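Residues per chain are reported as follows:
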Amino acid sequence: MDIKGKNWYFISKEKDDCLELLRMFWDFHDFRVKEIFYRASLEQFDLLLEYDDRKLNVVLRFYDTVRMNLLPMDDDYDNSWICEGAIFIDEKGYFVWNDGDGTPNENGELRGTWIKSAKFQYAVVDENGNTIEIPKRIVKQVWKEYNYSTGKYEKTIETFHPKKVK
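Residues numbered from 1 in each chain as written. Predicted model: local features only at pLDDT ≥ 70, side-chain atom pairs only at ≥ 80, totals over all residues. Heavy atoms only, no water.

Asker: For the overall build of the protein, give the residues involved together with the corresponding values.
Answerer: Summing up its helical and strand segments, the protein has two helices and 11 strands in all. When the elements of the protein are put in sequence order from the N terminus, they spell out β-α-β-β-β-β-β-β-β-α-β-β-β. Here the C-alpha radius of gyration of the protein, 16 Å, is about what a compact globule of 166 residues would show, namely 15 Å. In the protein, buried positions account for 40% of the 166 residues. Counted over contacts in the protein with a minimum sequence separation of 6, partners at least 24 positions apart contribute 56%. Within the structure as shown, the protein displays about 9900 Å² of accessible surface, and the carbon and sulfur contribution to it stands at 48%. Measuring between centres, the 25 positive side-chain charges of the protein sit 7 Å from its 31 negative side-chain charges. (Helix = DSSP H or I, 4+ residues; strand = E, 2+ residues; numbered from the N terminus. Rg over C-alpha atoms; globule rule 2.2 N^0.38 Å. Buried < 20%, exposed > 50% of the residue type's maximum accessible area, 1.4 Å probe, protein only. Contact = heavy atoms within 4.5 Å. Areas by Shrake-Rupley, 256 points an atom, 1.4 Å probe, with all protein chains shown as cover. Lys, Arg positive; Asp, Glu negative; His and termini not counted. Charge placed at Lys NZ, Arg CZ, Asp CG, Glu CD.)

Shown next, in the form of structure tokens:
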């Protein structure tokens, strides 16, 4: 699938931007890798992730890809589904995506699939591979959190601020 359209978003190389992207898409919990597109001549790597409802697809686009490791996580969770994803900036200033929690193993290497790149963008795509505006239900979410003190669920509204590529 060739990703088309101009509805692309970016994050700065700030920890808070990385965390906001993760929170907006629930740490990519219950997403899975649907397709991978690698274009060596463009130094571009697209990772298309599909949510478990099969209605939400997010593409992570990496430019100037430095390194990648494509390997499912080795744990008790079904390998086709991501339990927890991580996006962070490494010590050399590269964006790093990991389908784990971003914690290195005993050898100092990230477990599972990871991609490092100098540049990074993301988009929500429809079933035809066209980028679309991030749906309002994603930008403004109502969360229910259990309050152990009161024994009741409390609603909070989380509003995210995606930055559109011009």
